[in-house]
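# An overview of the molecular structure
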Amino acid sequence: LAQYLAGKGVEARLLPFMEADSGDVVLQRFGEEAFDLTFVCLGEPENVVRGGEDERIRPYLNLLARMIAVSGGYRCVAFLGQLEPGATRRTIVPYLERAAQKHVEQDFDVVVLPSVEELRQIEPQSRHPDPLLVGFTGLRGFRAISRILRELEPVMIRTDPSTAEVAQHVQHLVRANAR
């Protein structure tokens with residue numbers, strides 16, 4: 001992800017203590033306009049993350065909650081990869097709100113994006129670009145992601161997190177059956 005973002009002119013800083021055995025990483029970009037944007041890479045599509053009760057993501061959520069809690073301003077958290085449909089609203093947002101004592105859409109937003117590999121395959125300049133279904137808990141999250149993935153904004157279809165999670169799940173099933 002760091003290389004992908006660097007190609008977009010975005011400086012990303014790896015949080016080295018967050019490297020996991022599965023190859024999952026967290027990257028953080030510090031914004032200029034009173035927002036911080038943190039990317040959480042979820043790894044391979046076959047390893048669907050089930051939300052806050054999934055032990056693989058619990059350390060990330062604990063760190064994100066601490067970051068949101070001490071943040072003086074707004075923070076946006078973008079999950080790249082496959083989440084179980086409904087995980088964002090059912091478990092991740094309540095977990096972060098409870099642990100950070102902050103409110104979604106007020107103090108932070110959560111964004112659901114496809115994996116980095118899927119982002120690389122989208123060619124917005126082509127005549128018939130693939131749409132990019134992105135789930136947002138709030139409009140500020142959309143604005144934050146749009147600043148970073150500026151060239152993908154024309155193909156972004158803004159939706160709620162649950163719809164994006166279902167779409168990613170279906171896309172993964174279609175690709176798996178095509179193999």
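Here the structure is a predicted model, which means the values were calculated and not measured.

## Digging into the overall build of the chain
Within the chain one finds six helices and seven strands. Along the chain, from the amino end to the carboxyl end, the secondary structure elements read α-β-β-β-α-β-α-β-α-β-α-β-α. Burial statistics for the chain: of 179 residues in total, 51% are counted as buried. A total accessible area of about 9,100 Å² is found for the chain, and carbon and sulfur atoms account for 50% of it.

## Remarks on a nonpolar patch on the surface
A grouping of Val-166, Val-170 and Val-174 is seen on the molecular surface, where their side chains present a nonpolar patch of about 240 Å² in accessible area. Checked against the element boundaries, Val-166 lands in helix α6 (residues 161-178). Classification of Val-166 as partly exposed rests on a relative accessible area of 41%.

## Let's talk about the packing of aromatic side chains
Describing an aromatic ring pair means giving the distance of the ring centres and the angle of the ring planes. Applying the stated criterion across every chain yields a total of one aromatic pair. Centroid distance Phe-136 to Phe-142: 5.2 Å. Interplanar angle 85 degrees. Geometry classified as edge-to-face. Judged by its relative accessible area of 6%, Phe-136 is buried. Here Arg-158 stacks its cationic end above the ring of Phe-142, 4.8 Å away from the centre of that ring.

## Points about α6
An ideal rise of 1.5 Å per residue puts 26 Å on 18 residues; α6 measures up with 26 Å between its terminal C-alpha atoms. Residues Pro-161, Ala-164, Glu-165, Gln-168 and His-172 constitute the buried set of α6. In an axial view of α6, the angular spread of the buried residues amounts to 100 degrees, which keeps them on one side of the axis. Counted as exposed and oriented over 90 degrees from the buried face of α6: Val-174, Asn-177 and Ala-178. Along its buried surface, α6 packs onto α3 (87-100), β5 (108-113), β6 (132-136) and β7 (156-159).

## Considerations on the pattern of salt bridges
Counted under the stated rule, the structure contains two salt bridges. Among the salt bridges present, the one from Arg-89 reaches Glu-105, with a minimum N-O distance of 3.8 Å. One end of the pair, Arg-89, is in helix α3; the other, Glu-105, is in the loop between α3 and β5, and 16 residues separate them in sequence. On the accessibility criterion, Arg-89 (36% relative accessible area) is partly exposed.

## Re the side chain of Asp-107
You can see Asp-107 is positioned in the loop between α3 and β5. An unpaired buried charge is present at Asp-107: no salt bridge exists, and Lys-102, the closest side chain of opposite charge, is 4.8 Å distant. Beyond its immediate chain neighbours, meaning those up to four positions away, Asp-107 contacts Gly-73, Tyr-74, Arg-75 and Lys-102.

Quick notes on the rules
- Note that residues are indexed from 1 along each chain, following the sequence as it is written.
- Under the rules for a predicted model, residues below a pLDDT of 70 receive no local features and side-chain atom pairs below 80 are neither given nor counted, while totals for whole chains, interfaces and linings still include all residues.
- Excluded from the side-chain calculation are hydrogens and water; included are all heavy atoms of the structure.
- Helix numbers and strand numbers start at the N terminus; a helix is a DSSP run of H or I with at least 4 residues, a strand a run of E with at least 2.
- Accessibility here uses a 1.4 Å probe with only protein chains present; expressed as a share of the type maximum, an area under 20% marks a residue as buried, one over 50% as exposed, and anything in between as partly exposed.
- Surface accessibility follows the Shrake-Rupley procedure with a 1.4 Å probe radius. Residue values consider only the protein chains on display as shielding.
- The patches described consist of residues with a relative accessible area above 30% and no salt bridge, like charges being joined within 9 Å and nonpolar side chains (Val, Leu, Ile, Met, Phe, Trp, Tyr) within 5 Å.
- The term salt bridge refers to a side-chain nitrogen of Lys or Arg lying within 4 Å of a carboxyl oxygen of Asp or Glu.
- The criterion for an aromatic pair is that two Phe, Tyr or Trp rings (for Trp, the six-membered ring) have centres within 6.5 Å, with stacked assigned to planes under 30 degrees apart, edge-to-face to planes over 60 apart and tilted to the rest.
- We call a charge positioned above a ring when the Lys NZ or Arg CZ atom is no farther than 6 Å from the ring centre and deviates by at most 35 degrees from the ring normal.
- Multiplying 1.5 Å by the residue count of a helix minus one yields the expected span of that helix.
- Throughout, the arc means that of the directions going from the helix axis to the C-beta atoms.
- Any two residues whose heavy atoms approach within 4.5 Å at even a single point are treated as in contact.
- Positive charges are assigned to Lys and Arg, negative charges to Asp and Glu, while His and the chain termini are left out of the count.

Keep in mind that these numbers describe shape and distance, not what the molecule does.
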